[in-house]
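# Architecture and fold: a report
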Amino acid sequence: MAASEKIMATAEDYLATGAEGFESNPHAERIIAASSEVVLAIYRVCKNMLVHTADNEAVIKTLAVSHGQIAEFGQLVGGKINLTFVYDTVFVSGELLKAARGTYECATELAGLLERCGVSELGFDREITLEQLRSFGMLFAEALGNPKSRGLLLETTLPAVTMRRVTAEIGRASCRER
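The structure presented is a predicted model; accordingly, all values stated were derived computationally and were not measured.

### Comments concerning the sheet that holds strand β1 (residues 81-86)
The strands making up a sheet associate through hydrogen bonds between their backbones, and the pairing can be parallel or antiparallel. Taken in spatial order, the 5 strands of this open sheet run β3-β2-β1-β4-β5, and their pairing is antiparallel. Strands at the two margins of the open sheet, each flanked by one partner only, are β3 (95-96) and β5 (161-164). Where strand β4 (residues 121-124) and β5 come together, 4 bridges link them in antiparallel fashion. What sits directly across from Leu-122, in β5, is Met-163.

### Regarding the pattern of salt bridges
If you walk through the whole model with that rule in mind, you get 7 salt bridges. As a salt-bridge pair, Lys-47 and Glu-109 come within 2.6 Å of each other at their nearest N and O atoms. On the criterion of sequence distance, the pair formed by Lys-47 in helix α2 (residues 26-51) and Glu-109 in helix α4 (residues 101-115) is long-range, its members being 62 residues apart. Lys-47 sits in the partly exposed class, given a relative accessible area of 29%. Note that Glu-127 is salt-bridged to Arg-126, the shortest N-O span being 3.2 Å.

What counts as what
Residues numbered from 1 in each chain as written. Predicted model: local features only at pLDDT ≥ 70, side-chain atom pairs only at ≥ 80, totals over all residues. Heavy atoms only, no water. Pairing = 2+ DSSP bridges. Helix = DSSP H or I, 4+ residues; strand = E, 2+ residues; numbered from the N terminus. Salt bridge = Lys/Arg side-chain N within 4 Å of Asp/Glu carboxyl O. Buried < 20%, exposed > 50% of the residue type's maximum accessible area, 1.4 Å probe, protein only.

Have a look at this one:
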């Protein structure tokens, strides 16, 4: 197909069809690169909230930067941002995370922390406010910090944030020897 015949993918195209087939598209490439950034942004919020109080200067700066990255990614994909953790696999808005090893390790560490609270999927509205992101971080730290509060993430409803458990069932067809 000639370059003049290629059509740029819009956010709606990405959500409808995924990144497959758009590898040479600059918009899709930005989405793939930004998916790593959004995973790290959420990871930093969670980790900082585990170590510091919500009014700590490091947390405030992390929240501001992370909020910007989440909002930017939401604009790129044109919808809600979902992080889904299934075994050792990470999906960002329905697409397999394509990232450097360090980013992938952070994502799997986040998955392990969330698993301790019974959560395997996070969703963030693209219009999430800084205060809503802060509330999520505080709830995460509370749930992880107290064994009696582990179910808190699943039991609490936060505006602009969804937290749920996703079960992954992998079916295998019967194999016959030939």
